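Working through the structure, step by step
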Amino acid sequence: MRLIARRWRWLTLLGFASLLTGCLALPQTGLFAFRLAVTSLGVEDVRIGPYSINASSINAGLDTSDLTSLIASSLGAGSLPIHATIAMGLGLPAGMPPVEMSGFRWALDMPGVDPVQGSYEQDVTLTSGGGANLRLPVAFDVLATDRQRLTPMLELASQLASQGELPPGSQLAITPGDLRGLGMRLPAGLLTPTIRLNVGADGQLVPQGG
């Protein structure tokens, strides 16, 4: 009886995992990668050193060359951190039961910028038909990397602020934490591999290997 119960438990675990391991290439508003739905992905709160920039300031005539001179004269030598917030929505396909995820690890690679990574430490409740709205802080240092890259990096920051989305060619990777649902617990790394998404030229997200 113990052997039968153990087999049924393993089959149930596999069934739960199978709900989370599909891979369909759908538009950005309904993208499912390993059955985890990335419902939205954008960029908010872009800051260069002490200066906050946004679409309205850029449309009003903010110039990266002016910004370069202003920052160079005020900061001089040293480092110049650029901060931004990645706004991301996560959910599940319609009809799936709620799942609790014990946070996740993430990594972001944008063209011309050293890769950044971090961890979302809070539990995330994933539901079908709705999304958990999360905020991921991103930061990189311009002058500490290469002072000659100051102008291109400021242009990238201005692009992030004006368009509110990641530039084409960017890659986002999400490694889920433990998953709980259907009375089961699926440990991180077991049948829940890292989800990798590419940002296409049209801003749509395309899952790698989907």
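Residues numbered from 1 in each chain as written. Predicted model: local features only at pLDDT ≥ 70, side-chain atom pairs only at ≥ 80, totals over all residues. Heavy atoms only, no water.

1. Brief notes about the overall build of the chain
Assigned secondary structure in the chain consists of 4 helices and 15 strands. The buried share of the chain, reckoned over its 210 residues, is 40%. Just so you have it, the chain exposes about 10700 Å², and 53% of that area is on carbon and sulfur atoms. (Helix = DSSP H or I, 4+ residues; strand = E, 2+ residues; numbered from the N terminus. Buried < 20%, exposed > 50% of the residue type's maximum accessible area, 1.4 Å probe, protein only. Areas by Shrake-Rupley, 256 points an atom, 1.4 Å probe, with all protein chains shown as cover.)

2. Focus: the pattern of salt bridges
Any two side chains of opposite charge can pair, so long as their charged atoms come close to each other. Scanning the entire structure with this criterion turns up 4 salt bridges. Between R135 and E44 there is a salt bridge whose closest N-O contact spans 3.0 Å. Highlighted residues: R135 in strand 10 (residues 131-141) and E44 in strand 3 (residues 36-48), separated in sequence by 91 residues. Relative accessible area serves as the criterion here: at 34%, E44 is assigned to the partly exposed category. Between R185 and D178 there is a salt bridge whose closest N-O contact spans 2.5 Å. With relative accessibility at 47%, the residue R185 sits in the partly exposed group. (Salt bridge = Lys/Arg side-chain N within 4 Å of Asp/Glu carboxyl O.)

3. Some remarks on the sheet that holds strand 15 (residues 205-207)
The strand order across the open sheet built from 5 strands is 8-7-11-14-15, with neighbouring strands paired in antiparallel fashion. Looking along the sheet, the strands with just one partner apiece sit at the ends: strand 8 (116-120) and strand 15. With direction set aside, neighbouring strand axes in the sheet form an average angle of 20°. The pairing of strand 7 (residues 104-109) with strand 8 spans 5 bridges and is classified as antiparallel. What sits directly across from F104, in strand 8, is Y120. (Pairing = 2+ DSSP bridges. Axes fitted to C-alpha atoms, helices over the stretch in contact; angles between N-to-C directions.)

4. Notes on the environment of P207
Turning to its location among the elements, P207 is positioned in strand 15. Along the sequence, P207 and Q171 sit 36 residues apart, while their C-alpha atoms lie 9.6 Å from each other.

5. Some remarks on the side chain of T175
Structurally, the position occupied by T175 is in strand 11 (residues 171-176). A polar contact of 2.7 Å, which involves the side chain of T175, links it to the side chain of T194. Dropping the residues within four chain positions of it, T175 is found in contact with F104, R105 and T194. (Polar contact = N/O pair within 3.5 Å; in protein donor to acceptor, adjacent residues only side chain to side chain. Contact = heavy atoms within 4.5 Å.)

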